[in-house]
Every structure is written in structure tokens, then in C-alpha cells.
Amino acid sequence: MAHSMSNQEISILGSSGSIGRSTIDLLERNPEKFQVKALTAHSNVQQLIKQCLSVQPKLAVIGDTKLYQELKEGLSGTQIEIAAGEEAIIHAAQYPCDMVVAAIVGTAGLKPTLAAINCGRTIGLANKESLVAAGNLMIDAAKKTNAKLLPVDSEHNALFQVFETKNRDFIEKLILTASGGPFLHFKKEEMIDITPEQAIKHPNWSMGAKISVDSATMVNKALEIVEACYLFSMPESQIDVVMHPESIIHSLVAYKDGSVLAQLGMPDMRVPIANVLAWPERIETPVARLSLSQIGKLTFFEPNPDQWPILSIIREALRNNKGETIVINAANEIAVQAFLEKKINFLDIITVIQETLICVNSELPETIDHVIALDQQARIMAKKLIEEKF
């Protein structure tokens, strides 16, 4: 059933992060179309208060219970219901609304996202762990409750926009584009001395340190292959990656008749977020318009497997169909942190991931608690390896 755009009720889990802030920006620009039901943040209480005063949700939740009093004082005199703690965030995820934007970063987002899926909501999915770590659980739950998962990530949203569901049998492959980050043309031996300062300077997107490093190692692209497998129920063999330094084409779908459909736009997260918020309609955004003649040319080439070994590592993990993608994601987070703290070098990030995979027995988890336990186990092992070897 297509809903009309007047007064869509939206809840945002993780409203203080970058996706949450971009979502709020779009909601503030379209007040006649959207009504905000619940906002949650982990610990950025001042940002949450500011957002609440602007969009007036029915419910505001701060994850860190020590900040409850500050939230209460900041919102005194309003009609907004206030709560704190992990259970309260799960309650916010279940709050009646039309769409839940799942933008909590990391495994903390798993239970709230699953709770929203179990209520049969439409989910604007921005939490990558939901599919990377718990894809089978999330997809099974969505099938049971008819929840819809709409991808917010720019690459998956691009696929979503050009993926003809009714013609899915005629799809040859999905093609994810990768910018390659700042070290696109480096040879492997040149990558040894890369500093954290260099790694966090992304040429096209303004992103946090962690995601910028993931772009530079291509781990983010590897994890996007996993997400695409689940979102579009496609095997990894039908998902390609092509290097595209300009980040203008966000992804493509190739069909058996020889047609290739692409979604293009300026690199601004408000484009995919707006697409999801308004789906199946569209809304206006303040984003800079794409001028092909100004850009002049777009370039593409194959990723070099020697330079980006993570792509074959993730494909093997997907073929093994165990919990290995959870281990890869967890070990990567620990390794990136160690690199940012200058404890290991840039190329060691992938080594830590490979060695953690060898050391951790990763059966396919059957519950979210199993997922979180395996994630924890992988983190502990990655930390131990870094302390012992580097």
C-alpha cells in the first residue's frame, strides 16, 4: 500500500550521528510532510535536546542513563516524553510510526533495528552491522512481518533506485562503485608508510575517521558486498566492484538484454536519505545539482586484488556462509582504532583481520545474542593479536 506523503510519522534511532543529523535536516525542510515520533541518541545529549526542540518528537531517549537528568532539564516545559537506557531505545524502536530510520552505529544498533523489523515497520536502514553481522536474522524477521528494508547507504540506495524487482530474473549483476579513497593509485609497497592523517582525508565525502580509513582499505566496499547480497538476495558472484574515483555514479544494475542502469548524483548523503524518506514518492532537497558538462569525464577501472585483498577475503567468507563476516567487521574496528592510535601500520589492518579469522571459530549465529558474543570474541582476539605481534 503506497502511503501518501502528507504527515509521514518518522522515528530516528541514532539521531545525533551524521546520518541522523542529515535526516533531521531534511525533516526540518519539509515540516508539512513529516511528523517525528521518537529520537534516540547514545550520549550526545546536547545535540538530542537541540533536535527535540526543533522537531518536537513525542519521545526522546538517551542511551547513557547518567545523562537522563540533563535531558529532562533540557526539555522541561515541553510535552516530550523522556526515557534513558538500552531498553528505552528498544521501546523507541517499537513506537508506532510509518518509518524507523536505523542509524545507530555498530552492534548497539542490532537489537533496536530487529525490534523495529519485528513490528513490521518500514526501515530506513543505515546501520551496516544489521546485515553484515546479522543479515540472515534480519531478512528472516522481515519476511515474517512484511517489514520493508530501504537502504540509506549511497551505493545500496543507488541499486534500489535502478533495481527492477519485477525483472529480477533478468538481472545479470549488481555493480558497486568504489572511490578508492586517497590511496587509489598507490602501489602496495607505498602503502606501508601511510599515516592516520593521510588516511582520514577522503577526496570526495566528508566522513568520520573510521569510515575514511575503511574507504582507504576498501573494507567498507567489502562489507557493502555483504549488505547487497542480503538486501537484494543475490549471490556474491553476481556482485561486482568497479573503481570510480569521482563518486558520481553510485551503483549500477546490468540486465540480460544488455541494458545497464545507473544512479548518478553529487556525493551528498541527503540524496539517498531523501529517497528513502519519501519512497515511493520524492521530495526536494537543497543538494548541489549534478552538472555532467562541468565534471567533463568519469573514469572507471578494475580494483587491483593485490592492493585490495579484503575483497577476495570477504567473498570467501560469504561462500563459507558462517559467521565470518561478523569476525571481519569486529577485527577491522579494533585494527582501525589501533592504526589511528599509531600502534600498527596501514597494511597491518588487513593482517589483523586475516589472523583473527584463523583464530576465532565462527559458526553461523542463531540469535542476536550469539552475534554479539561472536563480535566480542573477535574483538578480544584482535586486541590480543595486536598486543602480541606489533
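Scroll up to find the structure.
Everything quoted here is computed from the prediction, not taken from an experiment. (Residues numbered from 1 in each chain as written. Predicted model: local features only at pLDDT ≥ 70, side-chain atom pairs only at ≥ 80, totals over all residues. Heavy atoms only, no water.)

**With respect to the sheet that holds strand 2 (residues 34-41)**
Inference 1: Strand order in the open sheet made by the 7 strands is 4-3-2-1-5-6-7, with parallel pairing throughout. Strands at the two margins of the open sheet, each flanked by one partner only, are strand 4 (81-84) and strand 7 (148-151). For this sheet, the mean inter-axis angle between neighbouring strands, taken without regard to orientation, is 20 degrees.
Inference 2: Against the sheet, helix 4 (residues 86-94) engages strand 1 (8-13), strand 2, strand 3 (59-62), strand 4 and strand 5 (99-102), with an angle of about 150 degrees to strand 3. (Pairing = 2+ DSSP bridges. Helix = DSSP H or I, 4+ residues; strand = E, 2+ residues; numbered from the N terminus. Axes fitted to C-alpha atoms, helices over the stretch in contact; angles between N-to-C directions. Contact = heavy atoms within 4.5 Å.)

**Quick look at the packing of aromatic side chains**
The relative placement of two aromatic rings is captured by the distance of their centres and the angle of their planes.
Inference 1: Applying the stated criterion across every chain, the model contains 5 aromatic pairs.
Inference 2: Geometrically, the ring pair formed by Phe-160 and Trp-279 is tilted, given 6.0 Å between the ring centres and 50 degrees between the ring planes. Of this pair, Phe-160 sits in helix 8 (residues 154-162) while Trp-279 is found in the loop between helix 12 (270-278) and helix 13 (292-295), placing the two residues 119 residues apart along the sequence.
Inference 3: Assessed through its relative accessible area of 26%, Trp-279 is described here as partly exposed.
Inference 4: Among the aromatic side chains, those forming a connected cluster through ring pairs are Phe-183, Phe-186, Phe-339 and Phe-346. (Phe/Tyr/Trp six-rings, centres within 6.5 Å; stacked < 30°, edge-to-face > 60°. Buried < 20%, exposed > 50% of the residue type's maximum accessible area, 1.4 Å probe, protein only.)

**A closer look at the packing of helix 4 against helix 5 (residues 110-118)**
Inference 1: Between helix 4 and helix 5, whose axes approach to 8 Å, the crossing angle comes to 30 degrees. Taken together, the axes of helix 4 and helix 5 are roughly parallel relative to one another. For the pair helix 4 and helix 5, the crossing hand works out as right-handed. For the pair helix 4 and helix 5, the contacting residues are Glu-86, Ile-89, Ile-90, Ala-93 and Gln-94 in the first and Lys-111, Pro-112, Ala-115 and Ala-116 in the second. (Parallel < 35°, antiparallel > 145°, perpendicular 65-115°, else oblique. Left-handed = near helix turned anticlockwise from the far one by under 90°.)

**A few points about the pattern of salt bridges**
Inference 1: Using the criterion set out here, one finds 20 salt bridges in the structure.
Inference 2: In this structure, Glu-9 engages Lys-37 in a salt bridge whose closest nitrogen and oxygen atoms are separated by 3.5 Å. With Glu-9 in strand 1 and Lys-37 in strand 2, this residue pair connects regions lying 28 residues apart in the sequence.
Inference 3: Across the pair Lys-343 and Glu-341 runs a salt bridge, and its minimum N-O distance is 2.7 Å.
Inference 4: Classification of Lys-343 as exposed rests on a relative accessible area of 51%. (Salt bridge = Lys/Arg side-chain N within 4 Å of Asp/Glu carboxyl O.)

**Here we look at the sheet that holds strand 10 (residues 249-255)**
Inference 1: Sheet architecture is open: 4 strands sit in the order 9-8-10-11, paired in mixed fashion. Each having just a single partner strand, strand 9 (239-243) and strand 11 (260-264) make up the two edges of the open sheet. Shown here is a sheet whose adjacent strand axes are inclined to one another by a mean of 20 degrees, direction ignored.
Inference 2: Here helix 8 sits on the sheet and contacts strand 8 (171-178), strand 10 and strand 11; the angle it forms with strand 10, its principal contact strand, is near 40 degrees.

**Remarks on helix 2 (residues 45-55)**
Inference 1: All of the buried residues in helix 2 are Val-45, Gln-47, Leu-48, Ile-49, Gln-51, Cys-52 and Val-55.
Inference 2: On its buried side, helix 2 packs onto helix 1 (18-29), strand 2, strand 3 and helix 3 (68-74).
Inference 3: Where helix 2 terminates, the next one or two residues include Gln-56, which has phi positive at roughly 50 degrees.

**Topic: the side chain of Ser-16**
Inference 1: Following the sequence through the fold, Ser-16 ends up in the loop between strand 1 and helix 1.
Inference 2: For Ser-16, the residues in contact, after removing those within four places along its chain, are Arg-21, Thr-40, Ala-41, Asn-44, Gln-47 and Gln-51.

**Concerning unusual backbone geometry**
Inference 1: In this chain, Trp-279 is followed by Pro-280 through a cis amide linkage whose omega measures 5 degrees.
Inference 2: For Pro-280, the position within the fold is in the loop between helix 12 and helix 13.
Inference 3: Residues other than glycine seldom take positive phi values, yet Asn-321 does so here, at roughly 50 degrees.
Inference 4: Residue placement: Asn-321 occurs in the loop between helix 14 (310-320) and helix 15 (324-340).
Inference 5: A positive phi angle is found at Lys-342, which is not glycine, with a value near 65 degrees.
Inference 6: Structurally, Lys-342 is set in the loop between helix 15 and helix 16 (348-359).
Inference 7: Classification of Lys-342 by relative accessible area gives exposed; the value is 55%.

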